[in-house]
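# Analysis of the macromolecular model
Below, each chain spelled out in residue letters.
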Amino acid sequence: METVLNILLIRFGIIAGIVVVVGLAGFALIVSLRRRGKGERVREGAAALAKSAARAMDGRGARGVRGRVGGEVVRQAARWLDEDPGRKRSGR
């Protein structure tokens, strides 16, 4: 029993480490893009990607709780990316 618990703990540690590394890499990428002035272009691309993913999930008729929750998360992300009130909008 102790061996199984040790394996589960090691697996959890590896997964948590990977999540932290990916999060830090994503944060570093976002910061570097904003410093170069390309953040808005990336944001527009992410908004378009989220909208198309939401349409695909709606068209496929998301099944089960995970499908409905995933579809709602994608729709909220698209809405947030598209209509963020704190963002400076040029020409509007």
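Look above for the structure.
Residues numbered from 1 in each chain as written. Predicted model: local features only at pLDDT ≥ 70, side-chain atom pairs only at ≥ 80, totals over all residues. Heavy atoms only, no water.

### Quick word on a nonpolar patch on the surface
- Among the surface-exposed residues, M1, V4, L5 and L8 lie close enough to one another that they form a single nonpolar patch of about 430 Å² accessible area.
- With respect to the helices and strands, the residue M1 is situated in the segment before α1 (2-36). (Patch = residues over 30% accessible without salt bridge, like charges linked within 9 Å, V, L, I, M, F, W, Y side chains within 5 Å. Areas by Shrake-Rupley, 256 points an atom, 1.4 Å probe, with all protein chains shown as cover. Salt bridge = Lys/Arg side-chain N within 4 Å of Asp/Glu carboxyl O. Helix = DSSP H or I, 4+ residues; strand = E, 2+ residues; numbered from the N terminus.)

### Topic: the layout of surface pockets
- Approximately 340 Å³ is the volume found for the largest pocket.
- Surrounding the largest pocket, 13 residues form its lining, I30, R34, G39, E40 and R43 being those nearest its centre.
- Put simply, the parts of the chain that give the lining of the largest pocket at least two residues each are α1, α2 (39-60) and α3 (64-82).
- In terms of residues, the lining of the largest pocket owes the most to one element, α1, which gives 5 residues.
- By residue class, the composition of the lining of the largest pocket is 6 nonpolar, 3 polar and 4 charged. (1 Å grid on protein atoms, 1.4 Å probe; cavity = no way out; pocket = protein on both sides within 12 Å on 5 of 7 lines; lining within 4 Å. Points joined across faces, edges and corners; volume = space filled by probe spheres on them. Nonpolar A, V, L, I, M, F, W, Y, C, P; charged D, E, K, R; others polar.)

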